[in-house]
Number of protein chains: 2
Amino acid sequence: MPRSGGRRGQRRERSERQGFHQLPWRNLVNPYAPIEVLSADQVEAIHRASLRILAELGIAFLSPEALDILAAAGADVDHKSQVVRFDAQLIEEQIAKAPARFVMHARNPAHNITFGGNNINFSTVASAPNASDMQGGRRPGCYRDYCDFLRLGQALNVVHLFGGYPVEPVDLPPPTRHLDCTDAFIRLGDKVFFAYSLGRERIIDGIEMTRIARGVSSEQMLREPALLTVVNSSSPLRIDGPMLEGVIEMARHNQVMALTPFTLAGAMAPATLAGALAQQNAEALAGLAFSQIVNPGTPVIYGGFTSNVDMKSGAPAFGTPEYTKAALAGGQLARRYNIPYRSSNANACNVVDAQAAYESEMSLWGAIMGHAGLVLHAAGWMEGGLCASFEKFVVDAELLQMMAEFLTPMEVNEETLGFEAMREVGHGGHFFGSQHTLDRYETAFYAPILSDWRNYEAWEEAGAHTVTERANKLYREILTDFEPPPLEKARSDELVEFIARRKEEGGVRAT
Amino acid sequence: MPRSGGRRGQRRERSERQGFHQLPWRNLVNPYAPIEVLSADQVEAIHRASLRILAELGIAFLSPEALDILAAAGADVDHKSQVVRFDAQLIEEQIAKAPARFVMHARNPAHNITFGGNNINFSTVASAPNASDMQGGRRPGCYRDYCDFLRLGQALNVVHLFGGYPVEPVDLPPPTRHLDCTDAFIRLGDKVFFAYSLGRERIIDGIEMTRIARGVSSEQMLREPALLTVVNSSSPLRIDGPMLEGVIEMARHNQVMALTPFTLAGAMAPATLAGALAQQNAEALAGLAFSQIVNPGTPVIYGGFTSNVDMKSGAPAFGTPEYTKAALAGGQLARRYNIPYRSSNANACNVVDAQAAYESEMSLWGAIMGHAGLVLHAAGWMEGGLCASFEKFVVDAELLQMMAEFLTPMEVNEETLGFEAMREVGHGGHFFGSQHTLDRYETAFYAPILSDWRNYEAWEEAGAHTVTERANKLYREILTDFEPPPLEKARSDELVEFIARRKEEGGVRAT
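Residues numbered from 1 in each chain as written. Chains lettered and ligands numbered in written order. Predicted model: local features only at pLDDT ≥ 70, side-chain atom pairs only at ≥ 80, totals over all residues. Heavy atoms only, no water.

**Topic: the packing of helix 6 (residues 200-214) of chain A against helix 18 (residues 489-504) of chain A**
All names here are of chain A. The cut-off we apply is this: Note on geometry: axes are C-alpha line fits, over the in-contact stretch for helices, and angles between N-to-C directions span 0 to 180 degrees. Note on conventions: DSSP H or I runs of at least 4 residues are helices, E runs of at least 2 residues are strands, and numbering of each starts at the N terminus. What sets the label is the angle itself: under 35 degrees gives roughly parallel, over 145 gives roughly antiparallel, 65 to 115 gives roughly perpendicular, and the rest give oblique. Put simply, a crossing is left-handed when the front helix is turned counterclockwise from the back one by less than a right angle, and right-handed when it is turned clockwise. The contact rule is simple, with two residues in contact once any of their heavy atoms fall within 4.5 Å. Here the term charged refers only to Asp, Glu, Lys and Arg, the term nonpolar to Ala, Val, Leu, Ile, Met, Phe, Trp, Tyr, Cys and Pro, and the term polar to all other amino acids, Gly among them.
Orientation of helix 6 relative to helix 18, taken along the N-to-C sense of each, is 160°, at an axis distance of 8 Å. By the criterion of interaxial angle, the relationship of helix 6 to helix 18 is roughly antiparallel. Seen along the crossing, helix 6 lies across helix 18 with a hand that is right-handed. Contacts between helix 6 and helix 18 involve Glu 201, Asp 205, Glu 208, Met 209, Arg 211, Ile 212, Ala 213 and Arg 214 from the former and Arg 491, Glu 494, Leu 495, Phe 498, Ile 499 and Arg 502 from the latter. Class assignment of the residues belonging to the contact of helix 6 with helix 18 gives a composition of six nonpolar, no polar and eight charged.

**Some remarks on unusual backbone geometry**
Note the cut-off: Only protein chains enter the accessibility calculation, which uses a 1.4 Å probe; a residue whose area is less than 20% of its type maximum is buried, one above 50% is exposed, and one in between is partly exposed.
Cis geometry marks the peptide bond from Ser 235 of chain A to Pro 236 of chain A, where omega comes out at 0°. A positive phi angle, close to 70°, is found at Ser 127 of chain A, a residue other than glycine. Mapped onto the fold, Ser 127 of chain A is located in the loop between strand 7 (119-124) and strand 8 (130-133). Residue class for Ser 127 of chain A comes out partly exposed when judged on its relative accessible area of 36%. In this structure, Ala 464 of chain B is a non-glycine residue whose phi angle is positive, near 55°. Among the structural elements, Ala 464 of chain B can be located in the loop between helix 16 (456-461) and helix 17 (467-481).

**What to know about the confidence of the model for chain A**
All names here are of chain A. Note the cut-off: Confidence scores here are pLDDT values: one per residue, from the predictor, ranging 0 to 100.
Summary statistics for chain A give a mean pLDDT of 95 and a share of 96% for residues scoring 70 or more. Predicted confidence is poor over residues 1-18, with pLDDT under 50, and the contacts of this stretch with residues over four places away or in other chains come to 47 contacts. Under the prediction, the complex receives an ipTM of 0.96, its pTM being 0.96.

**Description of the pattern of salt bridges**
Residue and element names in this part refer to chain A. Note the cut-off: Each reported salt bridge corresponds to a side-chain nitrogen of Lys or Arg within 4 Å of a carboxyl oxygen of Asp or Glu.
Scanning the entire structure with this criterion turns up 67 salt bridges over all chains. For the salt bridge of Asp 180 with Lys 503, the shortest nitrogen-to-oxygen distance reads 2.7 Å. Note that Asp 180 is positioned in helix 5 (residues 174-188) and Lys 503 in helix 18, a separation of 323 residues in sequence. Lys 503 gets classed as partly exposed once you look at its relative accessible area, which sits at 36%. Through salt bridges that share partners, Glu 201, Asp 205, Arg 501, Arg 502, Glu 505 and Arg 509 make up one connected network.

Have a look at this one:
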């Protein structure tokens, strides 16, 4: 009986570097239709409300350069208030220029990733001010933890990219921090990475270092997007100056921007999902249209991050039922504009317990079934973004691998239907020893990296560890075994030189 | 500005009995299209494979009475091997008689539940041999724990029915255990409950006690299904005698049976999802067709419980990616036959940690988006069914409430779109104090029963409890505050009399 050959996702890979089984790297595509929580009429109602917001209330663009660009493109600019009003036609014309699909180029081409067309890419946690693990507890972000998170993100195949600094290394001086962080992205990983849109210089440095790491010309960088940034609007209805400077540089260099309003219903947005989504959509459309005015066709991602506050305390909540609905609705809006979609794996929990897991699952199902192309914070996010957890990072890798396997379509054919196996086993028999089972022994089912399926007695005898304790052990093993991917000496030397020169210049001027 | 009135699910109810906020009782309907993991062609391929299994391999029916009934209906019965072969026409004709939709009648009519038509009903955990909580640890099931689980199931509005004994009270003598357990169902609850199909007598007692509890005639009981049983086939391809006796009595009395093969791929079914589903479908169709032969039109549920073993150890696993796909595929098969569908909230975990939660979520999303009408084991199941956990019961209630809220459609209208609120708040303002927010202060968002959204410092100062620790506290509070629902004295007296008589008779004869 021939082996069923097609189950790539099931093949267990014991890499020479990592002493644990995990699924191999693969580019994920969602084969299932998205969940639609809005009717077509409701999508249009939100779209129309957004256009009304853009036409009547407008968006504040806190950058004189951006205002000039927008005025030249025909937007209604009030230079005093910095508010820009858009008519519907201008928005629709510009949005139509954004590509529906594009590839991002990693320094290792095997790690290139595609956005659009039901592709899904999982990113590390980003931008947490704190880090935590069971040994060290919770502490402010530092460069050492930063590098350890990069090692985890590189070692875990289900992580497709670094979507920001997993933790903010506050022990590095701000003017040159981006140089050291980008250097670590390049030396510890070979996947797509990130630059913060905090002014023009950091973006220009990030693009140049990416170019050096890839060993390509500036012309090739212009043709092949390789660097990601996320632009958060300062909701409600405002985009900050440094962010806009970043957008301008990223767009001019044809690099990738995810425009993500942070529309927390009840705080920075109305206390209704429909209102928060209308505002999210207005802010996203404004930023995306701006990017296309700067450089028609520049690759962009429609970001959705609508959640709600706890009305009793004002505390932000994530992975709530409202969050899940908003994540799915955001996908519907992004698809209306035919622009790749960004969502997140979010939770508001302070400890890696059942709450952290169920909130994360509610977020992930919203992202996956909302057809998000970029799932930011997919591994390691805790506390509504205030902490990156090493244990959560590995627990999330399990969640993501399970999703990856869920997205592998079922094979239904003569072989898999197993009629002959049933005939062989008969009534009341068992399939443990049947040839049909033995043929599939290695590849039949998803093999977890953390889940413990032993019976209670065996689990208790082995120490009665929670999955979080097992995650602690595994993440430390991964770090111990880690070896960075190779980097060509010429590129390495050029990077050293570039960083030395930029540090000599003082890095980024005070902003 | 008028209050938005339609958000029933958001109204917080502080009952006089329970000192905690929870969503009110409501009958849930899934407004979203199901997730389809199989193409239409694949559904047909599995359907055809099932018919081939039924025609060529047949199902062993370990009951002479069942064999006689099937022979009279035209099935091909081998009395020696007890194997029954069905031709496709017989199966299709009988399956077509099963109702697409029916109501189950609780002794409190406000707790009636509907199956079919995208209705969803959540059941307690059922049939666990062990119980556990943080104070008492893990112990064999007893009547005291049994009653406590009933109290939880009654107190928690999101639990719609008792789908079996939450834990097996092994301290009660088997011949009369079902009398005491049914008495507790009736006295501690007023929701729909369950009788085990372990022979004819237990079913007849269960139906009579249900009739007494409802205060209705036998004729009304015949018209109004009120009692549930689950029939598990003894996979592969076999249904036991006591189960079949139960089916015969339940069908004759027009009560509800969920026919659920337990097709664990790699053990009792082929080590492929397609094969396990084909076998599940064959076994389910055989049992469902049998029920319709006994009593055409008797209400039935198509049960799916396909999961996989850990190929390394043979241990059963639940909430795996394969499990989720099988749960969704099972829904597609049940819909093909237009019969309500049963799935579960399953996990294989030994402790209420992140693994328990993520496996449960993978199961629940499969059940919900597979359009299961009956979600068995929805609250409290652990260890692949070997343990009912008090903490997990309450954690699951949170998961179920979140799902209930997720299933509440978004309202998109002039009010909820909030344009005027955005105009009022302006660029860079906040919505905390806006009238639009104040109008919705109590009802805007889902209020959890367990999730802690405080920041890290506040959470740590409050004791740094995990959600499982909070669940322990809450479940004990619910039990402390519990008051049983009223039961009319005449019915209570009749029950006492009935049980006394049946105990005097010795209960169920040794089987």
